[in-house]
Amino acid sequence: SLNVAFIAMLIAKEAGWEPIAIQDAGLAGLVHDIGEMKIPTQITRKKTELTKAELSYLRMHPNYSYEQLSHINAFSKDVRIAVQQHHECLDGSGYPIGLKGEQISLIARLIGIVDCYEESLHPRNGVITLTPNQVIAGLFKKADKQYDKAFIQLLIKVVGVYPPGSFVTLSDGIIGLVMSSEP
């Protein structure tokens, strides 16, 4: 969640958002999965594929997050809505409601992309991990279908195709570790 919050704020800043909107993006990223506390750990930490029933239960976490934050009147309405909608997709294939396009808040569209990026790098089951460039390529294939292309482009600009910590093979065959990236 901390990674999602940090990257979301970097993207929001790069997009030229106002400071309060950048703060809201960070807060939404930080608490977007708080509803998972209501999901049994045998589901949230399961190392094998989830059953259909378990997946349905897990997909309730955005609503649980929204309810928890609303119950204590925490954060702005924009943050709470983003938390509820962060798994919605532009084509309506997301959950929990199946919203489409502009029905999904801007912050939720941003958090959804960053959450997908982070979850692909550090999956729940820890078994099948992807490299950052594989994740970026996968996101780019979903651009303007499931995810907002402009945010994907800003994600690439912010983290790079090979973010720090990535291993790369140089043109002379030597393996290198990316330490930093420059624009």
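The notes below deal with the structure included here. (Residues numbered from 1 in each chain as written. Predicted model: local features only at pLDDT ≥ 70, side-chain atom pairs only at ≥ 80, totals over all residues. Heavy atoms only, no water.)

**Considerations on the nonpolar core**
Thinking step 1. Ranked by internal contacts, the top residues of the largest apolar core, which has 36 residues, are Ile11, Trp17, Leu110, Tyr117, Leu139 and Leu155.
Thinking step 2. Secondary-structure elements contributing two or more residues to this core are α1 (2–14), α2 (19–31), α6 (77–85), α7 (106–121), α8 (132–141) and α9 (149–159).
Thinking step 3. Top contributing element to this core by residue count: α7, with 9 residues.
Thinking step 4. In this structure, Leu139 is in contact with Ile113, Cys116, Tyr117, Tyr147, Ile152 and Leu155, ignoring residues within four places of it in sequence. (Core = buried A, V, L, I, M, F, W, Y, C linked by side-chain atoms within 4.5 Å. Buried < 20%, exposed > 50% of the residue type's maximum accessible area, 1.4 Å probe, protein only. Helix = DSSP H or I, 4+ residues; strand = E, 2+ residues; numbered from the N terminus. Contact = heavy atoms within 4.5 Å.)

**Things to note about the packing of aromatic side chains**
Aromatic rings in a pair are described by how distant their centres are and how their planes are angled relative to each other.
Thinking step 1. Per the stated rule, a full pass over the model turns up 1 aromatic pair.
Thinking step 2. The aromatic ring of Tyr64 is capped on one face by Lys38, whose charged end is 4.8 Å from the ring centroid. (Phe/Tyr/Trp six-rings, centres within 6.5 Å; stacked < 30°, edge-to-face > 60°. Lys NZ or Arg CZ within 6 Å of the ring centre and 35° of its normal.)

**Some remarks on the layout of surface pockets**
Any empty space left between atoms is shown by rolling a water-sized probe over those atoms.
Thinking step 1. As a volume, the largest pocket reaches approximately 970 Å³.
Thinking step 2. For the largest pocket, the lining is made up of 31 residues, of which Leu55, His87, Tyr95, Glu119 and Arg124 are closest to its centre.
Thinking step 3. Every element with two or more residues in the lining of the largest pocket is listed here: α4 (52–58) and α7.
Thinking step 4. Among the elements that line the lining of the largest pocket, the one with the most residues is α7, at 5 residues.
Thinking step 5. Taken together, the residues of the lining of the largest pocket break down into 11 nonpolar, 10 polar and 10 charged.
Thinking step 6. Considering only enclosed or pocket space, the second largest pocket measures out at about 320 Å³ in volume.
Thinking step 7. When contributions to the lining of the second largest pocket are tallied by element, the ones reaching two or more residues are α1, α7, α8 and α9.
Thinking step 8. Sorting elements by how many residues they give to the lining of the second largest pocket places α1 first, with 4 residues.
Thinking step 9. Classifying every residue of the lining of the second largest pocket by side-chain character gives 12 nonpolar, 6 polar and 1 charged. (1 Å grid on protein atoms, 1.4 Å probe; cavity = no way out; pocket = protein on both sides within 12 Å on 5 of 7 lines; lining within 4 Å. Points joined across faces, edges and corners; volume = space filled by probe spheres on them. Nonpolar A, V, L, I, M, F, W, Y, C, P; charged D, E, K, R; others polar.)

**Digging into the side chain of Asp24**
Thinking step 1. Checked against the element boundaries, Asp24 lands in helix α2.
Thinking step 2. Despite its burial, Asp24 pairs with no opposite charge, the nearest such side chain being Arg80 at 9.8 Å.
Thinking step 3. The residues touching Asp24, leaving out its near neighbours within four places in the chain, are Ser76, Asp78, Val79 and Ile107. (Lys, Arg positive; Asp, Glu negative; His and termini not counted. Salt bridge = Lys/Arg side-chain N within 4 Å of Asp/Glu carboxyl O.)

**Quick look at unusual backbone geometry**
Thinking step 1. In the segment running from Tyr95 into Pro96, the intervening peptide bond is cis, with an omega of 15 degrees.
Thinking step 2. Looking at the element boundaries, Pro96 is found in the loop between α6 and α7.
Thinking step 3. Even without being glycine, Asn73 reaches a positive phi, approximately 55 degrees.
Thinking step 4. With respect to the helices and strands, the residue Asn73 is situated in the loop between α5 (61–71) and α6.
Thinking step 5. Exposure remark for Asn73: the relative accessible area of 58% places this residue in the exposed category.
Thinking step 6. Even without a glycine there, the phi angle at Phe75 is positive, about 65 degrees.
Thinking step 7. Looking at where Phe75 falls in the secondary structure, it is placed in the loop between α5 and α6.

**Some words on the packing of α7 against α9**
Relative placement of two packed helices is described by the angle separating their axes and the distance separating the axes.
Thinking step 1. Two numbers describe how α7 lies on α9: the axes approach to 10 Å, and their chain directions differ by 50 degrees. With respect to α9, the axis of α7 lies oblique. For the crossing formed where α7 meets α9, the hand is right-handed. Residues Leu106, Arg109, Leu110, Ile113 and Tyr117 of α7 form the contact with α9, whose own contacting residues are Phe151, Ile152, Leu155 and Val159. (Axes fitted to C-alpha atoms, helices over the stretch in contact; angles between N-to-C directions. Parallel < 35°, antiparallel > 145°, perpendicular 65-115°, else oblique. Left-handed = near helix turned anticlockwise from the far one by under 90°.)

**Quick notes on the pattern of salt bridges**
Here the idea is simple: oppositely charged side chains can pair when their charged atoms come close.
Thinking step 1. What the rule picks out here adds up to 4 salt bridges.
Thinking step 2. Among the ionic pairs, Arg109 bridges to Glu102, the shortest N-O distance being 3.6 Å.
Thinking step 3. On the basis of relative accessible area, Arg109 is assigned to the buried category, the value being 12%.
Thinking step 4. Classification of Glu102 as exposed rests on a relative accessible area of 69%.
Thinking step 5. Put simply, Arg109 and Asp148 hold a salt bridge, and the shortest N to O gap is 3.2 Å. Taken together, the positions of Arg109 in helix α7 and Asp148 in the loop between α8 and α9 put the pair 39 residues apart, joining distant regions of the chain. Asp148 carries the same exposure label as Arg109, and that label is buried.
Thinking step 6. Through salt bridges with shared partners, one network takes in Glu102, Arg109 and Asp148.

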